[in-house]
Every structure is written in C-alpha cells, then in structure tokens.
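Here is how the chains run, residue by residue.
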Amino acid sequence: MEPVSILIIATAAFFAGIINALAGGGSFLTLPALVFTGVPPVAANATGTAALLPGYLASAWAYRDLIRAPAGLSVLAVVVIGAVGGAAGALLLLATSDQAFRAIVPWLLLFATVLFAFGPRLHGFLARRAKRGHGFWGRVGVLAVCGYGGYFNGGMGIVMLAMFRLLGVHDLNVANGLKNLLSAVLTVIAVAVFMVGGAISWPELPPMALAAVLGGFAGARIGRRLPSNVLRNGIVLVGAITTVIFFVELFG
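Here we summarise the structure given alongside this text. (Residues numbered from 1 in each chain as written. Predicted model: local features only at pLDDT ≥ 70, side-chain atom pairs only at ≥ 80, totals over all residues. Heavy atoms only, no water.)

## Things to note about the overall build of the chain
In step 1: Check the secondary structure of the chain and you find 11 helices and 0 strands.
In step 2: Along the chain direction, N to C, the helices and strands of the chain fall in the order α-α-α-α-α-α-α-α-α-α-α.
In step 3: Put simply, the chain has 252 residues, and 51% of those count as buried.
In step 4: Of the contacts formed within the chain by residues at least 6 apart in sequence, a portion of 81% connects residues at least 24 apart.
In step 5: Working note: accessible area of the chain is about 11700 Å², and carbon and sulfur atoms make up 70% of it. (Helix = DSSP H or I, 4+ residues; strand = E, 2+ residues; numbered from the N terminus. Buried < 20%, exposed > 50% of the residue type's maximum accessible area, 1.4 Å probe, protein only. Contact = heavy atoms within 4.5 Å. Areas by Shrake-Rupley, 256 points an atom, 1.4 Å probe, with all protein chains shown as cover.)

And the structure:
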C-alpha cells in the first residue's frame, strides 16, 4: 500500500472510531475512504465493518450491566435472532456484485443520513407510541434490523434505537446497551461470513482497526465536552456530502 493510502484510511478509521463511540455513523467515513483508495465497493464495506468490530465489542462490554431485553423477548433470543439476521445480511452482500452495490450505496447512504438528521424526532415519536409485549413483531424487527446491519453498517445504530423505542424500551441507556450488544453480535457474525467468503481486503485492515480503537478512546473523552447537537449536525453534514459524491459518481 502507498503511504498516502494508509494515511487516508487510518485517518478515516480514527474519526470513525470517535463517531461510533459518540453516536454511530463511522461507515460514512470508512466506506468512501476505502473506495477512494481503490478497494472495490463490496470489499470496502466488508473491510470497514471488520475494522470497526473492536469498537463494537468494547461498547457491548461497557454496557453489559444495562442489557435487558424488551418485553416479550429474552436476551438470548435477541442474540440468536440478531446473529441470524447479521449472517443473512452478510451473505446477501457477498451475493451482490460490485456494480450492483455501487448503484445501491448512494441510496443506502441517503437513507442513513436522513435517519441521523431526524433521529431525535423519530425516537420521540416512537416513544409516545411504544407498545409492550409484542414478542412476534419484536423478533421480526430484530431480524430485519440485523439483516440491514449485516448488509450495510451505515445508520444501523439509529435504526436499532428506533426499533427498541417502538418495542417499549423507554430507558435510553438500556436501549443503548441492547444496541451495542446487537451491533457486536451481528458484526462478529458478518465479519466471519466475510472472512469465509474472501470479501475482506486484508492489507487495509490492521491500520484501520488500530486507528479505530484509538478513535474510540478519544471519542470517550470528547463525548464529555462536545454538545450532542454539534456532533449530530457534523455527522449529517459528512453523510450528506458523501451521499452527493456517490450519486454524482453513479449518474455522472
């Protein structure tokens, strides 16, 4: 790898680690950075997901005492269904050609950016309409969200928080604990599928993983000082710019 390419992907992973530690959305940086340095889109998505895995594991461990399942589900059921969904999404990604995924990415980025922009309002809306005890729909929701996360990591945290609010999890810390657990589980499964399927670009992985871990530690410190609205607006801006760039490339 060229030193410039290493610098680009490591910098993207460092700031992605910060963003994921604070609010999620690191894929807005890792995916375009890898594609820019010449990694095919499917491999870029798989490699970026693998690079951010240590951060998900650390977050799940940090929230272990707050993990409680929604009414109608057990933690074991959430983990098993999440693993199945993550595997299904990862397998679907492996079955997607680079050309098809390149056409899909701008729309996925647009979806994730809109979720970030309207995330707080969405959570408030769902909290007022939350139901309890819907085990069947809870299982369907976990399966669908984890399938999305296994296929495309962007905006996954926002989707999960919205789902848990809808299922009656009113405590945001508990919702975050569930989100971190599911993110870790489905990412572990997805990365295992990517490894078996040969989708990960290994030269880029070590510098990105190290940078993401360092970014995660930095994010924990920054989070104590940075207003949440400033962070969210910054992520939305990055997502919007990235989305426009991918759409220009798609239709240009």
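## Things to note about a nonpolar patch on the surface
In step 1: A cluster of nonpolar side chains, contributed by Trp107, Leu110, Val114, Phe118 and Phe251, occupies part of the molecular surface with about 530 Å² of accessible area.
In step 2: Here the nonpolar patch takes 4 residues from helix 6 (residues 98-128), the largest share from any one element.
In step 3: Here Phe251 is to be found in helix 11 (residues 228-251).
In step 4: Phe251 gets classed as exposed once you look at its relative accessible area, which sits at 60%. (Patch = residues over 30% accessible without salt bridge, like charges linked within 9 Å, V, L, I, M, F, W, Y side chains within 5 Å. Salt bridge = Lys/Arg side-chain N within 4 Å of Asp/Glu carboxyl O.)

## Thoughts on the environment of Asp65
In step 1: Along the chain, Asp65 falls in the loop between helix 4 (53-62) and helix 5 (75-94).
In step 2: Classification of Asp65 as exposed rests on a relative accessible area of 61%.
In step 3: Residues Asp65 and Val174 lie 109 residues apart in sequence; the distance between their C-alpha atoms is 9.1 Å.

## Comments concerning the side chain of Ser27
In step 1: Examined against the element boundaries, Ser27 turns out to sit in helix 2 (residues 27-36).
In step 2: Overall, Ser27 belongs to the buried group, its relative accessible area being 9%.

## Points about the packing of aromatic side chains
In step 1: Evaluated as defined, the whole model comprises 5 aromatic pairs.
In step 2: Centre to centre, the rings of Phe14 and Phe15 are 5.4 Å apart; their planes meet at 80 degrees, and the pair counts as edge-to-face.
In step 3: Look at Phe14 and you get partly exposed, because its relative accessible area is 27%.
In step 4: Measuring from ring centre to ring centre gives 5.8 Å for Phe101 and Tyr151, while their planes differ by 75 degrees; the resulting arrangement is edge-to-face. With a gap of 50 residues between them, Phe101 in helix 6 and Tyr151 in helix 7 (residues 135-151) connect regions that are remote in the sequence. Grouping residues by exposure puts Phe101 and Tyr151 together as buried.
In step 5: The structure contains a cluster of three or more aromatic residues connected by ring pairs, namely Phe111, Tyr148 and Phe152.
In step 6: A cation sits over an aromatic face here: Arg64 above Trp61, 4.0 Å from the ring centre. (Phe/Tyr/Trp six-rings, centres within 6.5 Å; stacked < 30°, edge-to-face > 60°. Lys NZ or Arg CZ within 6 Å of the ring centre and 35° of its normal.)

## Digging into the environment of Gly72
In step 1: By the element assignment, Gly72 lies in the loop between helix 4 and helix 5.
In step 2: Expressed as a C-alpha distance, the spacing of Gly72 and Arg139, which sit 67 residues apart in the sequence, is 9.2 Å.

## Considering helix 4
Given 3.6 residues per helical turn, the α-helix brings residues three or four places apart onto the same face.
In step 1: What helix 4 keeps buried is the set Leu53, Tyr56 and Ala60. Viewed along the axis of helix 4, the buried residues span an arc of 60 degrees, placing them on a single side of the element. (Arc of directions from axis to C-beta.)

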